[in-house]
Amino acid sequence: QVQLVETGGGLVQAGGSLTLSCAASGRTFSSYSMGWFRQAPGKEREFVGGISRSGDTTSYADSVKGRFTISRDNAKNSVILQMSSLKAEDTAVYYCAAKLYGSSWVRVANEYDFWGQGTQVTVSS
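Only a predicted model underlies this, so the values are computations on that prediction, with no experimental measurement involved.

**Here we look at the environment of L81**
By the element assignment, L81 lies in strand β8 (residues 78–83). Overall, the relative accessible area of 0% leaves L81 in the buried class. Discounting residues that sit within four places of it in the chain, L81 has contacts with L18, T19, L20, W36, V48, F68, T69, I70 and Y94.

In structure tokens form, the structure reads like this:
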């Protein structure tokens with residue numbers, strides 16, 4: 001069982017930056033690949049990016065590639081989503097998710113085993 005808690009959301013102006021954190025409970029964090037997803041009002045939850053269990057590989061949605069960076073610290077049971085050059089269309093609730101023995105390439109939401117409660121990111125234009 002893994003419990004995930006996202007923090008760091010808020011209001012930011014377009015072009016600005018924001019860093020989201022996801023803290024995980026449990027002693028087997030390194031057994032989980034981690035993903036970030038987002039969901040805007042009236043839209044389906046979409047993949048933002050993922051990171052492998054060791055942190056050596058990442059993947060990103062085309063819409064955020066070059067602007068967002070995912071990293072993890074297995075010693076601290078945490079994963080970070082650094083967001084820069086934010087756009088109004090990045091406004092959404094952002095979720096972190098964990099998949100046991102997954103990879104950075106898992107992009108389908110229902111393949112993940114555990115989810116955080118989400119944190120709101122609002123980008124004003």
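**Digging into the packing of aromatic side chains**
As enumerated under the stated definition, the model contains 6 aromatic pairs in all. Taken together through their ring pairs, the aromatic side chains of F37, F47, Y95, Y112 and W115 make up a single cluster. A cation over an aromatic ring shows up here: R45 above the ring of W115, its NZ or CZ 4.7 Å from the ring centre. The ring of F29 is capped by R72, whose NZ or CZ atom sits 4.4 Å from the centre of that ring.

**Notes on the side chain of T119**
Within the secondary structure layout, T119 lies in strand β11 (residues 119–124). One polar contact links the side chain of T119 to the main-chain amide nitrogen of G9, over a distance of 3.2 Å. Excluding residues within four positions of it along the chain, T119 makes contact with E6, T7, G8, G9, L20, A92, V93 and Y94.

**As for the state of the cysteines**
Under the counting rule described, the total for this entry stands at 1 disulfide. Two residues, C22 and C96, share a disulfide whose sulfurs are 2.0 Å apart. When the S-S torsion is 55 degrees, as for the bridge of C22 with C96, the disulfide is right-handed. Placement of C22 in strand β3 (residues 18–24) and of C96 in strand β9 (residues 92–100) is noted, with a sequence separation of 74 residues between them. For the residue pair C22 and C96, the accessibility class agrees, reading buried in each case.

**A look at unusual backbone geometry**
Phi at N77 is positive, roughly 50 degrees, even though this residue is not glycine. For N77, the location among the structural elements is in the loop between β7 (68–73) and β8. Since its relative accessible area comes to 17%, N77 is described here as buried. In this structure, Y101 takes a positive phi of about 55 degrees despite not being glycine. Relative to the assigned elements, Y101 resides in the loop between β9 and β10 (114–115).

**Some points on the pairing of strand β1 (residues 4–7)**
Where burial is concerned, the two faces of β1 differ: the one with L4 and E6 is buried and the one with V5 and T7 is not. Pairing of β1 with β3, which is carried by 4 bridges, proceeds in the antiparallel orientation. Across the sheet, T7 pairs through a bridge with S21, a residue of β3.

**A word on the sheet that holds β7**
Ordered in space as β1-β3-β8-β7, the 4 strands form an open sheet in which the pairing is antiparallel. Pairing within the sheet leaves two strands with one partner each, and these edge strands are β1 and β7. Strand-to-strand twist across the sheet, computed as the mean angle between neighbouring axes with direction ignored, equals 15 degrees. Sheet topology note: the β3/β8 ladder contains 6 bridges and is antiparallel. By the bridge assignment, S21 is partnered in β8 with I80.

The rules behind the values
- Every residue gets a number counted from 1 within its own chain, in the order that chain's sequence is written.
- Local features in this predicted model are restricted to residues of pLDDT 70 or higher, and side-chain atom pairs are both shown and tallied only at a pLDDT of 80 or more, whereas totals for entire chains, interfaces and linings draw on every residue.
- Just so you know, side-chain values use all the structure's heavy atoms and leave hydrogens and water out.
- Where helices and strands are cited, they refer to DSSP runs of H or I of at least four residues and of E of at least two residues respectively, numbered from the N terminus.
- Working definition: with a 1.4 Å probe on protein chains only, accessible area under 20% of the residue-type maximum means buried, over 50% means exposed, and in between means partly exposed.
- Pairs of residues are marked as contacts when any of their non-hydrogen atoms sit within 4.5 Å.
- A pair of Phe, Tyr and Trp rings is counted when the ring centres sit within 6.5 Å of each other, with Trp represented by its six-membered ring. The angle between the planes then sorts it: under 30 degrees is stacked, over 60 is edge-to-face, the rest tilted.
- Over a ring means this: the NZ of a Lys or the CZ of an Arg is within 6 Å of the ring centre and within 35 degrees of the ring normal.
- Under the rule applied, a polar contact is a pair of N or O atoms within 3.5 Å (in protein, one hydrogen donor and one hydrogen acceptor; residues adjacent in sequence only if both atoms are side-chain atoms).
- Throughout, disulfides are identified as pairs of cysteine sulfur atoms within 2.5 Å of each other.
- When DSSP locates at least two bridges between a pair of strands, those strands are taken to pair.
- To obtain each axis, a line is fitted to C-alpha atoms, and for helices this fit is confined to the stretch in contact; angles are then taken between N-to-C directions over 0 to 180 degrees.

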